There are 2 protein chains.
Amino acid sequence: MPDQLQSDNIHTLMLDIGKRARQASKALAIASAETKNTALDAMADAIFASEAEILNANAKDVARARENGITGSFIDRLELNESRVRAMAEGIRAIAALKDPVGDVIAAWDRPNGLQIERVRTPLGVIGVIYESRPNVTADAGALCLKAGNAVILRGGSDSAHSARAVHAALKTGLSAAGLPEDAIQIVPTTDRAAVGEMLAGLNGNVDVIVPRGGKSLVARVQSEARVPVFAHLEGLCHIYVDQSAELEMAKDIVVNAKMRRTGICGAAETLLIDKAAADRFALPLIEALEARGCLVRVDHDMLSLATARTEASDEDWSTEYLDAVIAVKLVDGISGAIGHIEKYSSHHTEAVIAEDPEVVARFFNEIDSAILLHNASTQFADGGEFGMGAEIGIATGKMHARGPVGVEQLTSFKYCVRGSGQTRA
Amino acid sequence: MPDQLQSDNIHTLMLDIGKRARQASKALAIASAETKNTALDAMADAIFASEAEILNANAKDVARARENGITGSFIDRLELNESRVRAMAEGIRAIAALKDPVGDVIAAWDRPNGLQIERVRTPLGVIGVIYESRPNVTADAGALCLKAGNAVILRGGSDSAHSARAVHAALKTGLSAAGLPEDAIQIVPTTDRAAVGEMLAGLNGNVDVIVPRGGKSLVARVQSEARVPVFAHLEGLCHIYVDQSAELEMAKDIVVNAKMRRTGICGAAETLLIDKAAADRFALPLIEALEARGCLVRVDHDMLSLATARTEASDEDWSTEYLDAVIAVKLVDGISGAIGHIEKYSSHHTEAVIAEDPEVVARFFNEIDSAILLHNASTQFADGGEFGMGAEIGIATGKMHARGPVGVEQLTSFKYCVRGSGQTRA
């Protein structure tokens, strides 16, 4: 097939998907909480019931990936087993158990002329999710968007195509069981990359927001090409600042946890800033605590005398998201130095301050503009579940609409409902 | 000068404006409410003090516009007089008197592990305002953005360039008086349209949102070209539905006010839908009330027998925003018919229902997805001031971030501040 013809076909196919998603979103917007929960529970049941089909489909994906020479963490993310399939179903039930955000009155006030104004949550509309080869995203994202009354268009990685289709079949069963349109959760039936381009162009106004789930290159492409709003973070270059007023034992626990609990997540700390005034007391104990857990420590030039025989950090280290057991450590001139460094290098995702001095904490909270700021707690709490939001579809570092964990509430918009008794405007 | 060279120059000029705005936004973000109010009060004083300069500058703009053959409402919007200059200054004082949104705790909750989470308002960053020849927008938009802690880049119409520069000089005086950077409110010093294109491209990430203020063609260009978020409405095709349960006298008052109080504003009603079940009782009295105020009434084909000798509405009327003393009237099958018509033709700005039946009102509020829905009140209340938000920079019909009136709160974002006592993640 000539390329142009193929690309015309994909254009037509994708516009049709968008149109059907918009149509379905209208039914979802007025569906009751009970109807949506019926669908979600039926989806979970269908995933349990089709465990064998899902595992078979997944085995095909894994075999094909292995044939293509793929190994390691990619296979780990792709591969399902019984407990992972069950976790998927349980995740959907947990989403069903969340409070329905649609119809919530976010704010209400009366005007002197008697008008009663309410700001009421509504669904956003249609959400496009573009993700890599993690079969569970099909279930998580589909369920979370539905809970918030949104239609969703899912575009998974080509390596997980069989798995995604099998999971999607279970989701459709759930929608039908509740009498909701099957187009509420659609999966893009082609692995052609042109389909992603069509989604990013907005499908004729039929995609309200795009959520990319995956590595930096996927997010970068989405952020640079999307003509619709995007909820995403390109990277999580998270900092911890240990002030001279910190309690050392607490600082050690938090720094080790923030870096080493899981090194591959976006909330993992990448740079440790230590107050110069406490360098003698804090630097070696903190470094040794990290090294005892197997962390490679790269220190700033002026720390080499304190921490001999350590690797020297280069300028590049301050802007590197290692996502590995590596940390860059620097001495800074107190809270002002910490703020200056963070404003220069941060990805505005998550930063923590370890301090007992309330003025230091106040400046850290006021002057740093990142999505999440923590005091005396690990950066690894940067997570919708840990925030009590239930499931999340990701973490956003943009400042529009959603910032920080994107949970079910962040997938909504609002409208004003105004009640009067005959008021006219003078 | 060859065109390419000129366009390179504008590119460089605009990127520099963006960079300076971002830099200024950092100082604004941590400026206290008192500092910002000192600046705003000094701006108002400076506008009073430079009334003569502002009127002289404006006289040049008006003379030039007249030379170019411009007349009517365009001149009316452009022309200043003493009372308009004073209203500008008083508008700034009113913005100073608003509650400072930055630092507000929007939500707060504790986690079982003791973490205390707060969602705190922050400025958005840098706002680009692109407007036509209304000199007052320079003052209003500059002051409102400043109040919310944002830097602003103002691009006014070429016809008001002298006026805008004179007003801007007063705003800069105010910024200096409070020790705030003058780059906090910048005015684009060229009337070349390429400068608008640069703003819409986002100035290297240094514009966070664009607000267009002006006619439909300006808004359409901004919406189609902008690579950054836009707060706007393309049109206000507002509907009123009069249900059979309505009180006729109230309906007459509201319909007449919604259409005729001011016909040129976005909240003016454009289509009147009447419940077929009450056609005999309501249609003629409503039409006659409108006509008594000088409104031209265009009726649907099946109303011609009820309202003889009226103009017949064509299909085009249902999607026409007249912004004039004209209204289209149609009979619909109760609330379901009204919802169907509105979902098909509405610009999702503002709609009103006149009814006493609570089920009808509930369906109207639940099933229609417009920014503002009113019950038994005029659509002309679609205004930030009437909502009690103080000044507004416009009304948005998009669903992301801001919807409805865009006041000082809608020009903010938020961050999470989390307080712990040594928590690490398991």
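Residues numbered from 1 in each chain as written. Chains lettered and ligands numbered in written order. Predicted model: local features only at pLDDT ≥ 70, side-chain atom pairs only at ≥ 80, totals over all residues. Heavy atoms only, no water.

Draft legend 1. Local environment of unusual backbone geometry. Here Leu323 of chain A, not a glycine, exhibits a phi torsion of approximately 50 degrees, which is positive. Looking at where Leu323 of chain A falls in the secondary structure, it is placed in the loop between strand 10 (311–312) and strand 11 (326–332). Unlike most non-glycine residues, Asn204 of chain B shows phi in positive territory, near 55 degrees. With respect to the helices and strands, the residue Asn204 of chain B is situated in the loop between helix 8 (194–201) and strand 6 (209–213). On the basis of relative accessible area, Asn204 of chain B is assigned to the exposed category, the value being 65%. (Helix = DSSP H or I, 4+ residues; strand = E, 2+ residues; numbered from the N terminus. Buried < 20%, exposed > 50% of the residue type's maximum accessible area, 1.4 Å probe, protein only.)

Draft legend 2. Focus on the domain arrangement of chain A. Splitting chain A by domain gives domain 1 (3–231 + 406–417) and domain 2 (238–386). Look at where the C-alpha atoms of domain 1 of chain A and domain 2 of chain A centre, and you get two points 36 Å apart. (Domains from an automatic or database assignment.)

Draft legend 3. Geometry of the relation of the copies chain A and chain B. Overlaying chain A on chain B yields an RMSD of 0.0 Å, the required transformation being a rotation through 180 degrees with an accompanying axial translation of 0.0 Å. These values place the two chain copies in the arrangement generated by a two-fold rotation axis. Within chain A, the C-alpha atom positioned nearest to the axis of rotation is that of His401 of chain A, 2.0 Å from it. By residue overlap, the copies meet face to face through one surface: 100% of the interface positions of chain A are interface positions in chain B. (Least-squares fit on C-alpha atoms with pLDDT ≥ 70 in both. Contact = heavy atoms within 4.5 Å.)

Draft legend 4. Region of interest: the packing of helix 2 (residues 33–49) of chain B against helix 5 (residues 82–97) of chain B. All names here are of chain B. Closest axis-to-axis distance for the helix 2/helix 5 pair is 9 Å, and the angle between their directions is 170 degrees. Accordingly, the angle class assigned to the pair helix 2 and helix 5 is roughly antiparallel. For the pair helix 2 and helix 5, the contacting residues are Asn37, Leu40, Asp41, Met43, Ala44, Asp45, Ile47 and Phe48 in the first and Val85, Arg86, Met88, Ala89, Glu90, Ile92, Arg93, Ile95 and Ala96 in the second. The residue makeup of the contact of helix 2 with helix 5, split by class, is 11 nonpolar, 1 polar and 5 charged. (Axes fitted to C-alpha atoms, helices over the stretch in contact; angles between N-to-C directions. Parallel < 35°, antiparallel > 145°, perpendicular 65-115°, else oblique. Nonpolar A, V, L, I, M, F, W, Y, C, P; charged D, E, K, R; others polar.)

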